[in-house]
Amino acid sequence: MSKEERKLEIMKTALNLFAKRGFYNTTIADIAREMGMSVGNMYNYFPSKESLAKELLIYTSKVFGEEIRKINEMDISSKEKIKKIVELYFKKAQEEPELVDYFMRVYLSNKEIFNNGCEGMLCVSAFVTEIMIFFEEGVRKKELKNQDFFAAFGLFMGYIGGLAFLNRENILGKSLDEYIEPVSENIYNALKA
Amino acid sequence: MRSKPKLLWIDAVSCNGCSHSFFNIDLSFLDNFELLYHPLLPSGDFKIQNSDILIVEGAIKPNFLRLGFDLNELISKLFFKAKTVIALGTCAVYGGIFGEGLVFNKTSKGKFFKCKDKVINIPGCPVHPEWLFYILNMLKENKKIVLDELNRPVEIFSYTSHMGCTRNEYFEWKVDAERFGEKEGCLFYYFGCQGPFTHSSCNKILWNEVNSKPRAGTPCFGCTEPLFPKENLFQTETFMGIPANIPLGVSKRAYLTLSGIAKSLTNERLTKKLIKCENEDKQKDN
């Protein structure tokens with residue numbers, strides 16, 4: 001296994017532990033034990049829990065960014081793209097719920113961990129850039145309304161993030177998949193030109 | 001001694017702004033030429049004749065009378081009697097405000113496209129006097145003038161007007177100007193500056209040797225570009241808050257990534273005013 005692959009394994013293990021026990025209750029030693037590695041060896045991959053947290057965020061953002069880029073490059077309408085992005089997000093939320101957990105419970109709730117090196121949009125830029133391109137092209141094609149970026153971004157991401165969160169809390173009465181259609185429709189109605 | 005080059009300058013559909021701009025140089029320079037005709041300067045009576053350099057200032061337009069001829073016919077006659085033709089100003093180059101250009105009509109081919117090998121395009125509204133001075137000097141000295149695909153001299157138009165702008169540090173860190181005319185902040189994000197995508201050397205060869213529009217706190221209007229004038233020149237066109245036009249030579253994805261990072265990494269020094277006006281606090285109090 002290459003060093004990069006091993007790092008990825010560590011990140012996935014850490015994600016699971018953070019989801020189960022919470023970020024502050026999980027130590028590097030816990031992650032090492034779960035990986036069957038020595039703590040000393042762990043530090044060869046990540047010098048601190050904070051650096052692991054940061055790389056995890058960059059990795060997550062890149063995974064989402066690359067998937068949204070594929071959608072951006074499709075020759076389909078903005079309405080169809082909205083549905084594909086919602087689908088992608090809800091699919092990830094169900095297949096890898098710890099990713100959503102990490103984003104909601106660790107990143108958004110513990111900004112002090114990310115003050116050094118992940119300021120502003122730095123570590124999530126791969127994802128945010130693709131959303132910007134999606135919005136920009138939608139307006140350019142006159143399919144979406146020209147409005148403030150964050151007004152639209154908050155509506156889109158806050159909405160689907162909120163649904164994924166409720167799903168994780170087992171509050172939704174139905175499967176997340178059943179929300180793809182109405183949620184996409186609502187987002188489109190709110191953003192359309 | 002070589003004889004002086006014969007220079008014939010006519011105004012087509014024009015405001016004569018390029019002439020007036022040119023008058024800011026020392027006009028004794030024209031003593032190096034035999035000035036056959038100029039609409040504003042003392043010169044001989046106009047007649048159809050051979051010339052070494054024909055300058056056409058202004059746009060062409062059908063059924064427009066000039067110097068006793070239909071304008072398009074007049075230019076055709078002079079065009080084929082000239083060794084070199086200078087299309088002077090954005091109107092002559094692309095049509096600009098008044099009509100069609102000689103070689104180009106906005107972004108399409110113009111009436112004289114087939115004869116473009118003879119033409120040197122110098123866009124600008126108006127043309128910077130130093131630019132024309134440079135071209136005339138090169139022609140006088142029989143030096144080769146390298147042109148780009150739009151027949152513009154590369155020495156002048158390879159640059160963007162962004163290059164050399166005193167506000168570049170603010171652009172790098174995405175720090176906006178708060179109002180027109182102030183010395184600090186970038187005019188690209190809100191105030192319509194087209195410098196990063198306008199081919200011109202206004203911030204390299206300064207106007208009156210001292211200033212440029214962006215340096216003085218006014219946005220670059222992109223006056224050297226084929227689609228000049230656009231609307232809303234004092235406001236940046238944005239799509240969902242993202243500039244509709246981005247710097248030349250960079251992909252949208254790369255630009256958004258870079259500018260997002262710059263915005264996230266706040267430059268503390270530039271977010272505060274470098275030079276604080278003494279009266280500023282008092283003005284706010286009032």
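Residues numbered from 1 in each chain as written. Chains lettered and ligands numbered in written order. Predicted model: local features only at pLDDT ≥ 70, side-chain atom pairs only at ≥ 80, totals over all residues.

(A) Highlighting the domain arrangement of chain A. Residues and elements named next belong to chain A. Domain assignment breaks chain A into domain 1 (1-47) and domain 2 (53-191). If you average the C-alpha positions of domain 1 and of domain 2, the two centres end up 26 Å apart. Each partner contributes residues to the interface: domain 1 has seven residues there, and domain 2 has nine residues. Broken down by class, the residue content of the side of domain 1 that touches domain 2 amounts to six nonpolar, one polar and no charged. (Domains from an automatic or database assignment. Contact = placed C-beta atoms within 7 Å. Nonpolar A, V, L, I, M, F, W, Y, C, P; charged D, E, K, R; others polar.)

(B) Representation of the pairing of strand β2 (residues 34-37) of chain B. Residue and element names in this part refer to chain B. Relative to β2, strand β1 (residues 6-11) runs parallel, the two sharing three bridges. When the sheet's bridge partners are listed, K6 is paired in β2 with E34. Note on the crossover from β1 through helix α1 (residues 17-22) to β2: the handedness is right-handed. (Pairing = 2+ DSSP bridges. Helix = DSSP H or I, 4+ residues; strand = E, 2+ residues; numbered from the N terminus. Right-handed = clockwise from strand over helix to strand, strands pointing away.)

(C) Expanded view of the environment of M42 of chain A. All names here are of chain A. Examined against the element boundaries, M42 turns out to sit in helix α3 (residues 39-45). A count of 20 C-beta atoms within 10 Å places M42 in the buried class. In the structure, M42 is positioned 10 residues away from A32 in sequence and 6.2 Å away in space, judged by C-alpha atoms. Ignoring sequence-local partners within four residues, the contact set of M42 consists of I28, I31, A32 and M37. (Buried ≥ 20, exposed ≤ 12 C-beta atoms within 10 Å, placed from the backbone.)

(D) Local environment of the packing of helix α4 (residues 49-72) of chain A against helix α5 (residues 78-95) of chain A. All names here are of chain A. Relative orientation of the contacting elements α4 and α5 amounts to 155°, with a least axis distance of 10 Å. By the criterion of interaxial angle, the relationship of α4 to α5 is roughly antiparallel. The handedness of the crossing between α4 and α5 comes out as right-handed. Between α4 and α5, the contacting residues are E67, I68 and I71 on the first element and K81, K84, I85 and L88 on the second. Here the contact of α4 with α5 is composed, by residue class, of four nonpolar, no polar and three charged. (Axes fitted to C-alpha atoms, helices over the stretch in contact; angles between N-to-C directions. Parallel < 35°, antiparallel > 145°, perpendicular 65-115°, else oblique. Left-handed = near helix turned anticlockwise from the far one by under 90°.)

(E) Structural context of helix α9 (residues 180-191) of chain A. All names here are of chain A. Spanning 12 residues, α9 covers 16 Å between terminal C-alpha atoms, matching the ideal 16 Å at 1.5 Å per step. Of all the residues in α9, the buried ones are V183, S184, I187 and L191. In a view along the axis of α9, the buried residues occupy a sector of 100°, so they form one face of it. Relative to its buried face, α9 has exposed residues pointing more than 90 degrees away, namely E181, P182 and N189. The inward-facing, buried residues of α9 contact α5 and α8 (149-168). (Expected span 1.5 Å × (residues − 1). Arc of directions from axis to C-beta.)

(F) View of the interface of chain A and chain B. Contact with chain A, which involves 18 residues of that partner, is made by 13 residues of chain B. Only α7 (125-140) and α8 of chain A provide two or more residues apiece to the side of chain A that touches chain B. With nine residues, the top contributor of residues to the side of chain A that touches chain B is α7 of chain A. For the side of chain A that touches chain B, the class distribution of residues is nine nonpolar, five polar and four charged.

(G) Up close: the environment of K143 of chain B. Residues and elements named next belong to chain B. Position of K143 relative to the elements: it lies in the loop between α4 (129-140) and α5 (154-157). Residue K143 is classed as exposed on the basis of its 8 C-beta neighbours within 10 Å. Along the sequence, K143 and N232 sit 89 residues apart, while their C-alpha atoms lie 41 Å from each other.

(H) Examining the packing of α7 of chain A against helix α8 (residues 252-264) of chain B more closely. Across the interface, α7 of chain A lies against α8 of chain B with an axial gap of 9 Å and an inter-helix angle of 125°. Looking at the two axes, α7 of chain A sits oblique to α8 of chain B. Considering the relative orientation of α7 of chain A and α8 of chain B, their crossing is right-handed. Note on element contacts: α8 of chain B touches α7 of chain A through K252, R253, L256, T257, G260 and I261 of chain B, opposite S125, V128, T129, M132 and I133 of chain A. Residue composition of the contact of α7 of chain A with α8 of chain B, grouped by class: five nonpolar, four polar and two charged.

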